[in-house]
Amino acid sequence: MPYIARSGQDTTRSASTKGARSGHHQRSTDTQDPLIRFTVSPLPPTSSQHHPRQVVLGYTATTPPSEQLCPASRHRRFQPPPSDGLETTLSSGDEKISRSGNLPLATILNPPRSAASRGAAIFQQLLLTTTRHQLRPASSDPAVPTPDSINHHHRDPFNSTEDLSLAPLESATQHMEPSTPQHVDPLTRPSTRMDVKNTFLNGDLSEQVYMKPPPGYDHPPNKVCQLRKAWYGLKQPPRPWYAKFHSTLGQLGFTTSSYDSVLFIKKSSAGIILLLLYVDDMIITGDNIYGIQKRTEENLHQTDVASVIRSGREVVLQAYNWESHKYDWWRNLDRKVPDIAKSGFTSAWLPPATHSFSPEGYLPQNLYSLNSAYGSEELLKALLQNLTQHNVRPMADIVINHRIGTTRGHGGMYNRYDGIPLSWDEHAVTSCTGGLGNRSTGDNFDGVPNIDHTQYFVRKDIIGWLQWLHSSVGFQDFRFDFVRGYAPKYVKEYIEAAKPVFSVGEYWDSCSYDGSYLAYNQDSHRQRIIKWIDGAGQLPAAFDFTTKGILQEAVKGEYWRLRDAQGKPPGVIGWWPSRAVTFIDNHDTGSTQAHWPFPAHHIMEGYAYILTHPGIPSVFYDHFYDWGNAIHDQIVKLIQIRKRQDIHSRSSIIIHEAQANLYAATIREKITMKIGDGSWAPAGKEWELAASGHRYAVWTK
């Protein structure tokens, strides 16, 4: 079944859209991220009218899709059809979906009503009793969606996993006289309401669901799109959602009431807890509601490997450079932890911590030895504990594309690992790099034995090691090195098994050039990064090398590069910002290696861009600690502005100017910034200058 890539160019441009060098405004919203994934599937053997379990979804005026499709060969997107004249007609029994009287797109068989809807009356009664200021009919209360409206009830459209995220809404106490002295009405106890944010978005589908290809998307005849994840508007998601919820509460010791399947009860020596579910809203009451709320949140989050990505409020510090191994690094960093935390960083990316053939750590050998050129195991664990206590997550650098052997094997190469943990033989090494394993599933890292990830015993050992790093050593985040070297599906497997809080991959590919001149259109470059993220199950983020390459050319007097043909940011942040880790330099591009350095005199312009824009920004150690207090303090100020204005990875952006000497944009209508030597300031007295420096300025409301 051919795969349709996730993102690309728009197939059509709005009449108001100008070229990249124009000053016309373009807006991207907070809902840039994907809602669905598509694969092209042959049409079912017979029409969907004869397949009651196959559902084809059409558009509705109330829920226009924002997904961006593109075939890998053309990098094209589609725009949702205009809402004018768009109607959804439904009839009882088989439901016909049509647009403005056209032929029906599909025949939909009404699914069985969810068990959750049977608790609507009880839920409403509890809600009206416990919430004093919401005494309205359920039909007009947005907090209590009716069964007919739940599929179009707006929620945060971003999420990439099927796991649940709970958000407490409010709590209230309503005192009532007990009916008898011996009986205490549960409604006299404190109660709290909770809402599950991502019930029906990107959830599992237990059935095959097909969709007619949307307007504007070229497709072969007799082909339809098969949904890989649930989407708003479907009737299937409530069933797997209820099953997951039921299982989760069962693990916490709840039982289902024999009177109503959406009432869950837990009895213990501490008392009783009642939980009532209606669609994706809950009321919890009993003798220890806050304890059960906390345990429920922990249980639902412990397998959530994308909660950080979903939040999008991370700021990463790369806490080393290429020469750090020379300077007693673990001890050196330990002294800086208070400043790292105070500055607003949420994650500290550390160099490879295991024994390596090279002091920098990128030629690993004994993976279970934590004594490295950066310091001893004891010092490392003390550093990790210190970071954790300061609410900064330690990020491990995971180098699993290659591994240096201890003894010679097949072909006289060092492709055996005798005498150390994970004592693999030549079958753990790809045949492309001198081993007896299978061919590589990615690009070769020449000169060293590349690990064959197709081997089950290899993956099992790597998973065990990653779980050890996470649960025993204390690393919470993972950075995967050289992910071009092996198929992304293995990264997905490793993340699902080890469950890091946050993960990011280094997919470093060459940009497009016209001779020695960086091409304006870098869509193919960012498409390859996005394809890798998709292949990894959309679980990790990826370093936005596209944005780096464009930005470091733009600051030389070509700021027009910072707006693509659709009026959006030209890097991965323009297509998939929640998965884009933006950066200026790292230990490879900068430092003493300087393979692709950012122009030194424009560093603060670069940080003014990435620290105010969508995406997840990453700051390089050298700039933060080695380039003087002035640079350090300016970066801290920009981080504080980002956090104070609640800028996150999916924040909306309006690009005002993208000229040769000027770039200006407004982010989330809370920050306006400009870089370049062109003169510009936002209109309106509400804007106040919050930060400025060499060729940059930032205003806030």
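This structure is a prediction, so every number in the text was calculated from the model and none was measured.

Basis of the calculations
- Residues numbered from 1 in each chain as written.
- Predicted model: local features only at pLDDT ≥ 70, side-chain atom pairs only at ≥ 80, totals over all residues.
- Heavy atoms only, no water.
- Helix = DSSP H or I, 4+ residues; strand = E, 2+ residues; numbered from the N terminus.
- Buried < 20%, exposed > 50% of the residue type's maximum accessible area, 1.4 Å probe, protein only.
- Contact = heavy atoms within 4.5 Å.
- Salt bridge = Lys/Arg side-chain N within 4 Å of Asp/Glu carboxyl O.
- Pairing = 2+ DSSP bridges.
- Axes fitted to C-alpha atoms, helices over the stretch in contact; angles between N-to-C directions.
- Core = buried A, V, L, I, M, F, W, Y, C linked by side-chain atoms within 4.5 Å.
- 1 Å grid on protein atoms, 1.4 Å probe; cavity = no way out; pocket = protein on both sides within 12 Å on 5 of 7 lines; lining within 4 Å.
- Points joined across faces, edges and corners; volume = space filled by probe spheres on them.
- Phe/Tyr/Trp six-rings, centres within 6.5 Å; stacked < 30°, edge-to-face > 60°.
- Arc of directions from axis to C-beta.
- Polar contact = N/O pair within 3.5 Å; in protein donor to acceptor, adjacent residues only side chain to side chain.
- pLDDT = per-residue confidence, 0-100.

A. Seen up close, the overall build of the protein chain. For the protein chain, the helix and strand inventory stands at 13 helices and 30 strands. The buried share of the protein chain, taken over its 701 residues, is 58%. In the protein chain, the share of contacts with a sequence separation of at least 24, taken over all contacts with a separation of at least 6, comes to 69%.

B. How the structure looks around unusual backbone geometry. In the Ramachandran plot, Ala594 falls in the positive-phi region, its phi being about 50 degrees despite a non-glycine side chain. Within the secondary structure, Ala594 is located in the loop between β24 (580-583) and α11 (603-610). Judged by its relative accessible area of 37%, Ala594 falls in the partly exposed class. With phi around 55 degrees, Arg668 is a residue other than glycine that occupies positive phi space. Its place among the elements puts Arg668 in the loop between β27 (663-667) and β28 (671-675).

C. Structural detail: the pattern of salt bridges. Within the structure shown, the criterion is met by 23 salt bridges. A salt bridge links Arg393 to Asp477; the shortest N-O distance between them is 2.9 Å. With Arg393 in strand β18 (residues 393-398) and Asp477 in strand β19 (residues 477-480), the pair connects residues that are 84 residues apart, well separated along the chain. The same class applies to Arg393 and to Asp477, which are both buried.

D. Just the sheet that holds strand β17 (residues 347-349), in detail. Strand order around the closed barrel formed by 8 strands is β16-β17-β18-β19-β20-β23-β24-β25, with parallel pairing between neighbours. Strand after strand, the sheet turns through a mean of 25 degrees between neighbouring axes, direction not considered. Here 4 bridges tie β19 to strand β20 (residues 502-505), and the two strands are oriented parallel to one another. Its bridge partner being in β20, Phe478 is matched across the sheet by Ser503.

E. Structural context of the environment of Ala319. In this fold, Ala319 is placed in the loop between β16 (316-318) and α5 (329-343). Considered as a pair, Ala319 and Leu333 are 14 residues apart in the sequence and their alpha carbons are 7.7 Å apart. Beyond its immediate stretch of four places on either side in the chain, Ala319 contacts Trp329, Leu333, Ala348, Trp349, Leu350 and Tyr621.

F. The arrangement of the nonpolar core in detail. Leu350, Phe475, Tyr607 and Tyr663 are the most contacted members of the largest nonpolar core, which has 122 residues in total. Per-element accounting of this core gives the leading share, 8 residues, to helix α7 (residues 456-473). Core analysis: the next-biggest nonpolar cluster, separate from the first, contains 14 residues, Tyr242, Val262, Met282 and Ile284 among them.

G. Examining empty space enclosed by the protein more closely. In the structure shown here, the tally under the stated rule is 5 cavities of 30 Å³ or more. Volume-wise, the largest cavity comes out at about 80 Å³. Around the largest cavity, the lining comprises 13 residues; the ones closest to its centre are Pro352, Ala353, Thr354, Asp397 and Trp465. For the lining of the largest cavity, the secondary structure elements donating two or more residues are β18 and α7.

H. Local environment of the environment of Ala373. Mapping Ala373 onto the fold places it in the loop between β17 and α6 (377-389). Put simply, Ala373 and Trp329 are 44 residues apart on the chain and 8.4 Å apart in space, counted from C-alpha to C-alpha. Beyond its immediate stretch of four places on either side in the chain, Ala373 contacts His325 and Pro359.

I. Region of the structure containing the packing of aromatic side chains. Under the counting rule described, the total for this entry stands at 19 aromatic pairs. Geometrically, the ring pair formed by Phe478 and Phe480 is edge-to-face, given 6.1 Å between the ring centres and 85 degrees between the ring planes. For the pair Phe478 and Phe480, one class covers both residues: buried. With centroids separated by 6.3 Å and ring planes inclined at 20 degrees, the aromatic side chains of Trp508 and Trp596 adopt a geometry described as stacked.

J. Structural detail: helix α10 (residues 545-554). Counting buried positions along α10 gives 9 out of 10 residues, so the element sits mostly inside the fold. Listing the buried residues of α10 in full gives Phe545, Thr546, Thr547, Lys548, Gly549, Ile550, Leu551, Gln552 and Ala554. Buried residues along α10 sit against β22 (517-518), α9 (523-535), β23 (541-543), β24 and α11.

K. View of helix α8 (residues 488-498). Taken residue by residue, α8 has Tyr490, Val491, Tyr494, Ile495 and Ala498 as its buried positions. Considered in projection along α8, the buried side chains sweep an arc of 140 degrees and stay on one side of the axis. If you follow the buried residues of α8, they end up packed against α7, β19, β20 and α9. Taken from the residues just after α8, Lys499 is the one with a positive phi, measuring 55 degrees.

L. Region of interest: the side chain of Glu506. Within the element layout of this structure, Glu506 appears in the loop between β20 and β21 (513-514). On the basis of relative accessible area, Glu506 is assigned to the buried category, the value being 5%. At a separation of 2.8 Å, a polar atom in the side chain of Glu506 contacts the main-chain amide nitrogen of Phe482. Apart from the residues within four sequence positions on either side, Glu506 is in contact with Arg479, Phe480, Asp481, Phe482, Val483, Arg484, Phe543, Phe545 and Asp588.

M. Representation of the confidence of the model for the protein chain in the model. The share of residues in the protein chain with pLDDT of 70 or more is 67%, and the mean pLDDT across the chain is 76. Below a pLDDT of 50 lies the segment residues 1-188, which in the model reaches 458 contacts outside its immediate sequence neighbourhood of four places, other chains included. Confidence over residues 297-303 falls short of pLDDT 50; this stretch has 17 contacts with residues more than four positions distant or in other chains.

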